[in-house]
Amino acid sequence: MKQLILLASVFTILPVLSVFAQDNPLLELKWAQNYTPTYDEVIGMYQLLDKNYSNAILLEKGKTDTGKPLHLFVINDKEEFGPGNIKAAGKSVLLINNGIHPGEPAGIDASLWFADDILRNRDGMADILKNTVILIIPVYSVGGHLNRSAYNRSGQTTPYETGFRGNAKNLDLNRDFTKCDSENAKSFSKIFNEWDPDIFLDTHTTNGSDHQYSITLIPPEPDLFPPVMESFIRSTFIPEIYERMKEGEYDLIPYVSFMFRDPKLGINMTQEGPRYSSGYASMFHSYGMMTESHIYKPYPDRVKSCYQFIQELAEFTSENSEAIKNSRKSGISQSMQAEEYPIAFSLDTSKYQMIEFKGYEAARTQESPLTGLERFGYDRSKPYAETIKYFDTWEPNEFVKVPEYYIVPQAYTNVVERLDLNGVEYTTLQKDSVFKVTVDYIDEFSNPQRPYNGHFFHDKVVTHNESQEIQYYKGDLLIPVRQEKIKYIIEMLEPKASDSFFRWNFFDNILDQREYFSSYGFEENAVKYLDEHPAFKKEFQEKRKNDPEFAGNHRAQLAYIYNNTEWFENTWKRYPMGKIFK
Ligand SMILES: [Zn+2]
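Residues numbered from 1 in each chain as written. Predicted model: local features only at pLDDT ≥ 70, side-chain atom pairs only at ≥ 80, totals over all residues. Heavy atoms only, no water.

### Quick word on the overall build of the protein
No. 1: A tally of helices and strands in the protein yields 17 helices and 19 strands.
No. 2: Reported as C-alpha extents along the three principal axes, the dimensions of the protein are approximately 95 × 65 × 45 Å.
No. 3: The proportion of buried residues among the 582 residues of the protein is 55%.
No. 4: Here the analysis covers contacts within the protein between residues at least 6 apart in sequence; of these, 78% occur between residues at least 24 apart.
No. 5: Only carbon and sulfur atoms are counted for the fraction: they give 50% of the accessible area of the protein, which is about 25,600 Å².
No. 6: Each charge class in the protein can be summarised by its mean position, and for the 63 positive and 83 negative side chains these summaries are 2 Å apart. (Helix = DSSP H or I, 4+ residues; strand = E, 2+ residues; numbered from the N terminus. Buried < 20%, exposed > 50% of the residue type's maximum accessible area, 1.4 Å probe, protein only. Contact = heavy atoms within 4.5 Å. Areas by Shrake-Rupley, 256 points an atom, 1.4 Å probe, with all protein chains shown as cover. Lys, Arg positive; Asp, Glu negative; His and termini not counted. Charge placed at Lys NZ, Arg CZ, Asp CG, Glu CD.)

### Description of helix H10 (residues 299-319)
No. 1: Between the first and last C-alpha of H10 there are 30 Å, a value that for 21 residues agrees with the 30 Å anticipated at 1.5 Å per step.
No. 2: With 17 of its 21 residues buried, H10 lies for the most part within the structure. (Expected span 1.5 Å × (residues − 1).)

### Observations regarding the environment of threonine 565
No. 1: By the element assignment, threonine 565 lies in the loop between helix H17 (554-563) and strand S19 (578-580).
No. 2: For threonine 565, a relative accessible area of 10% puts it in the buried group.
No. 3: In the structure, threonine 565 is positioned 450 residues away from alanine 115 in sequence and 68 Å away in space, judged by C-alpha atoms.
No. 4: Not counting chain neighbours up to four residues away, the residues in contact with threonine 565 comprise Tyr529 and Phe536.

### Considering helix H5 (residues 106-119)
No. 1: For H5, spanning 14 residues, the distance from its first C-alpha to its last is 20 Å, which sits close to the expected 20 Å at 1.5 Å a residue.
No. 2: With respect to burial, H5 is a largely interior element, 13 of its 14 residues being buried.
No. 3: Among the residues trailing H5, asparagine 121 stands out with phi positive, at a value near 60°.

### With respect to unusual backbone geometry
No. 1: The step from threonine 158 to proline 159 runs through a cis peptide bond, and the omega angle for that step is -10°.
No. 2: Secondary-structure assignment places proline 159 in the loop between helix H6 (142-146) and helix H7 (183-195).
No. 3: If you check the backbone angles, aspartate 196 has positive phi at about 45° while not being a glycine.
No. 4: One can find aspartate 196 in the loop between H7 and strand S5 (199-206).

### Thoughts on the coordination of the zinc ion
No. 1: Within the first shell, the zinc ion binds the protein through His101 (ND1), Glu104 (OE), Glu104 (OE) and His204 (ND1), at distances of 2.0 to 2.8 Å.
No. 2: The site at the zinc ion holds four donor atoms, and with the angles between them running 52 to 153°, its shape is irregular.
No. 3: Mapped onto the polypeptide sequence, the residues donating to the zinc ion form the spacing pattern H-x2-E-x99-H. Take histidine 101 and glutamate 104: they sit in the same class, and that class is buried. (Donors = N, O, S within 2.8 Å, 3.2 Å for Na, K, Ca; no water. Tetrahedral: all angles 85-135°; square planar, octahedral: opposite > 155°, others 65-115°.)

### Some points on the packing of aromatic side chains
No. 1: This structure, assessed with the given rule, holds 43 aromatic pairs.
No. 2: When the ring of phenylalanine 188 is compared with that of phenylalanine 200, the centres are 5.7 Å apart and the planes differ by 65°; the resulting orientation is edge-to-face. Remark: phenylalanine 200 occurs in strand S5 and phenylalanine 188 occurs in helix H7; sequence separation between them is twelve residues.
No. 3: Ring-pair connections join several aromatic residues into one group, and the members of that group are Tyr140, Phe177, Phe188, Phe192, Phe200, Tyr280, Phe284 and Tyr488.
No. 4: The residue whose ring lies beneath lysine 30 is tyrosine 35, and the NZ or CZ to ring-centre distance is 5.3 Å.
No. 5: For lysine 543, the ring lying beneath its charged end belongs to phenylalanine 550, and the centroid distance is 4.8 Å. (Phe/Tyr/Trp six-rings, centres within 6.5 Å; stacked < 30°, edge-to-face > 60°. Lys NZ or Arg CZ within 6 Å of the ring centre and 35° of its normal.)

### Concerning the pattern of salt bridges
No. 1: Under the defined criterion, the tally for this structure stands at 47 salt bridges.
No. 2: With a shortest N-O distance of 2.9 Å, aspartate 117 and arginine 122 are connected by a salt bridge.
No. 3: Judged by relative accessible area, aspartate 117 falls into the buried class, the value being 1%.
No. 4: Of the residues examined, arginine 122 reaches a relative accessible area of 25% and is grouped as partly exposed.
No. 5: Where salt bridges share partners, they join Glu104, Arg153, Arg165, Asp172 and Arg175 into one cluster. (Salt bridge = Lys/Arg side-chain N within 4 Å of Asp/Glu carboxyl O.)

### A closer look at the side chain of histidine 204
No. 1: Among the secondary structure elements, histidine 204 is positioned in strand S5.
No. 2: Judged by relative accessible area, which is 2%, histidine 204 ranks as buried.
No. 3: At 3.2 Å, the side chain of histidine 204 and the side chain of glutamate 104 are in polar contact.
No. 4: Discounting chain neighbours no more than four positions away, the residues touching histidine 204 are Ile100, His101, Glu104, Asn174, Met290, Thr291, Glu292 and Ser293. (Polar contact = N/O pair within 3.5 Å; in protein donor to acceptor, adjacent residues only side chain to side chain.)

What follows is the structure, given as structure tokens:
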């Protein structure tokens, strides 16, 4: 309940916004002095906004790895903060996530400033709230933000102090959205499932090339979406958001992803898979994107351009509210009818569009002020504006057939927990049952030399499948695939999908053999087996006759019997999710 409810009732004749709207900002932000607020200051400022405005609230939504809560700030146009009622009223939902990498705090400052302005209805901004609710995660990596120092970002001169990239568990949270090793990601999944945002923004800062822009965009990658949403992104969202930004102080370009050493030769649209925030959103048919503020621009420009982007995005969301919601609805229905699903893509280098790019000449022979030696750099005294190629199409090159059901053994509690967090619907088996299912066998997989974010991620996965009768037990999960969360279900449960549970080591237990044979101990059983299976015995004898090397190797002969009979364990490398097709 809001603390100001009593006060509000005194002024009931006036609409809520004008009762509390302020002429001046409430918050004292110091980004102009290259200062970004500490964790306590950020939360304190949202508490102040919460206290002053009855149409906004600061909620605690689960924990983070520090034990401190994950906060969510909700801005509506009235004192109503339940997602059910708000969505039932037909509003679209915009979620903004900040401080996933606390060394990149432009969005933390910009969101505070934006929240302050929209609540005090600066220049009529509160109109946005008539059909759109705005959700802000003030700081996502709480542990990273608390780990504050002047030495956390070597390539960044301002703000003078920031947080650290790793969270309290030293995880990069922008790789954690599917494996969910952090409490932060678990809490985030709940928020995402509860609110089902139509538009999602995750704010970052990047280095890499130098150019004239303060802000760049990783847009929702169109090829990750069903056709109706792909078309909305390409024909409406992308052109409009660039056009709107052009009208303001700060121009926007796509994130500069290099295909060549010099961006003049062309850049490409990146495709962020489900482990990343924007890719995670795409699994739920949510238009997810990341801004990348440019590290080499003064901090105030990073904050101001991020603010401008948030404002344009909020206005775009509000003005296109119906179109956005309808495209998602149609997109979900297209996904639910799909016969096959793409799991791997490659950049199509034959497809590109020409975009304006304002860069600085690359200088391969720049003298270093520190060492006096030559180094690579950019010559800021030589700005240019050119038209360059932007390669913006990813072609799917591998598909899986969409099953009607997956059966998930309850033994995999870590998988079940994540399915629950993400709102997957299923029933459980009422009794022990044998099902005829299709199962994948892992034929090959790779392991990296070093762990990556706490895992030995399987980069290469080769499978084949077989049809088998398998025993399942009362309580195992039967998941109908053709439901709203279809993309999440396939991305996580198909072992070859790019960020699947298998790739993140959730099923490594199946990769080693539990039983084997001893050259001495197996012999009695092997002889008995041959006697009871004359056809196989004949085959075995033939092999001995025709293969002298085999005939001279005791171990090889026992191995032949073991590996080609029921003795061989068929659960070895068998991926335990059964699939039922139409
Ligand atoms: Zn980042």
